[in-house]
Amino acid sequence: MKTLKLTIVALLISTVSFAQWTQYNPNPVNEPSNAAEQVLNPTNHTLILIDHEGQMAFAVESQPIEELRNNTGLITGASKLFKVPTIITTVAEKQFSGPVFPEIREYYPDESTYIDRTTMNSWEDTNFIKAVEATGKKKLVMAGLWTEVCINLAALSALEDGYEVYVISDASGAVSQEAHDMAMTRMIQAGVIPMTSMQYLLEIYRDWSRSDQYIEVNELAKRYGGAYGLGIDYIKTMQKWAKEDEKKN
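Residues numbered from 1 in each chain as written. Predicted model: local features only at pLDDT ≥ 70, side-chain atom pairs only at ≥ 80, totals over all residues. Heavy atoms only, no water.

### Regarding the overall build of the protein
Okay, step 1: Looking only at helices and strands, the protein has eleven helices and six strands in total.
Okay, step 2: The 249 residues of the protein split such that 46% are buried.
Okay, step 3: Counted over contacts in the protein with a minimum sequence separation of 6, partners at least 24 positions apart contribute 79%.
Okay, step 4: Accessible surface computed for the protein: about 13,100 Å², of which carbon and sulfur atoms make up 57%. (Helix = DSSP H or I, 4+ residues; strand = E, 2+ residues; numbered from the N terminus. Buried < 20%, exposed > 50% of the residue type's maximum accessible area, 1.4 Å probe, protein only. Contact = heavy atoms within 4.5 Å. Areas by Shrake-Rupley, 256 points an atom, 1.4 Å probe, with all protein chains shown as cover.)

What follows is the structure in structure tokens.
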């Protein structure tokens, strides 16, 4: 009986794993279910982008603003590409903080779906909680402004309510490096899992044989991936030139 139960569980896991990756063309020897439960994939989490707005960005000193925008564009583009449930919030958008980054609006142009609120802590807004619950996901990946306030408060609150919380540190910004570091330290001590923007993209892609998204992933990396993206553009161009030279000769 015990063997039968284990077999049934294994079959269920395999079925769920297969369902998670049906949009890809994986190598037949690969088995996504072998990955750790903590590892993200396109179907097991919700991405939450909190207050990436102009006024909030003006005071960010923890990293260059162009770097913050690039990293935000990278994770937003990834969530759109992989159809990850994504919640976008603003705080006093029309009264104070202004519109979200263009890098977000490009991929999610329907601003009527954004959740505007007055609370610094999104978790204290009932519309936000309803949106989170509607996704049915227990893993939440957060990024936003400021790390020490809007991310910190929401992450700690979500943890207490039983969610598994990840924070993309380089797509979040604070009023100083110390404020960012102390906020990340506090959240990590409480149980938050830290990650970076490029890590997010590659963690939910994870297999270069998944050809359906290969071109789009590379284009995202070339556009927002800094030196890594530049390297992709370099090697692709060099390969193209080499082929052109072969034809000439």
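### Digging into unusual backbone geometry
Okay, step 1: Of note, the amide linkage connecting Leu-145 to Trp-146 takes the cis form, showing an omega dihedral of -15°.
Okay, step 2: You can see Trp-146 is positioned in the loop between strand 4 (139–144) and helix 7 (147–160).
Okay, step 3: Although it is not a glycine, Asp-51 sits at a positive phi angle of roughly 60°.
Okay, step 4: Structurally, Asp-51 can be placed in the loop between strand 1 (46–50) and helix 2 (54–58).

### Some details on the packing of aromatic side chains
Okay, step 1: On inspection of all chains with the given rule, the structure shows five aromatic pairs.
Okay, step 2: Pairing Trp-123 with Tyr-163 gives two aromatic rings, centres 5.4 Å apart and planes at 80°, and the pair type is edge-to-face. Residue Trp-123 is found in the loop between strand 3 (115–117) and helix 6 (126–135), and its partner Tyr-163 is found in the loop between helix 7 and strand 5 (164–168); the two are separated by 40 residues along the sequence. Per residue, the accessibility class of Trp-123 equals that of Tyr-163, and both read buried.
Okay, step 3: With a centroid separation of 6.0 Å and 80° between ring planes, the pair formed by Trp-208 and Tyr-214 is classed as edge-to-face.
Okay, step 4: Given a relative accessible area of 46%, Trp-208 falls into the partly exposed group.
Okay, step 5: A network of ring pairs unites the aromatic residues Phe-82, Tyr-205, Trp-208 and Tyr-214 as a single cluster.
Okay, step 6: When the ring centre of Tyr-163 is taken as origin, the NZ or CZ atom of Lys-138, which lies over that ring, is 3.9 Å away. (Phe/Tyr/Trp six-rings, centres within 6.5 Å; stacked < 30°, edge-to-face > 60°. Lys NZ or Arg CZ within 6 Å of the ring centre and 35° of its normal.)

### Some remarks on the sheet that holds strand 5
Either a parallel or an antiparallel arrangement is found when strands of a sheet pair, and the pairing is made through backbone hydrogen bonds.
Okay, step 1: Strand order in the open sheet made by the six strands is 3-2-1-4-5-6, with parallel pairing throughout. Because the sheet does not close on itself, it has two edges, and the strands there are strand 3 and strand 6 (193–195). Across the sheet, the axes of successive neighbouring strands diverge by a mean angle of 25°, strand direction being ignored.
Okay, step 2: On the sheet, helix 6 packs against strand 1, strand 2 (86–91), strand 3 and strand 4 and is oriented at approximately 170° with respect to strand 2.
Okay, step 3: Along the sheet, helix 9 (residues 197–205) contacts strand 1, strand 4, strand 5 and strand 6; its crossing angle with strand 6, the most-contacted strand, is approximately 100°. (Pairing = 2+ DSSP bridges. Axes fitted to C-alpha atoms, helices over the stretch in contact; angles between N-to-C directions.)

### Here we look at a nonpolar patch on the surface
Okay, step 1: A cluster of nonpolar side chains, Tyr-234, Ile-235, Met-238 and Trp-241, forms an exposed patch at the surface whose accessible area comes to about 430 Å².
Okay, step 2: You can see Tyr-234 is positioned in helix 11 (residues 226–248).
Okay, step 3: By relative accessible area, which is 52% here, Tyr-234 ends up exposed. (Patch = residues over 30% accessible without salt bridge, like charges linked within 9 Å, V, L, I, M, F, W, Y side chains within 5 Å. Salt bridge = Lys/Arg side-chain N within 4 Å of Asp/Glu carboxyl O.)

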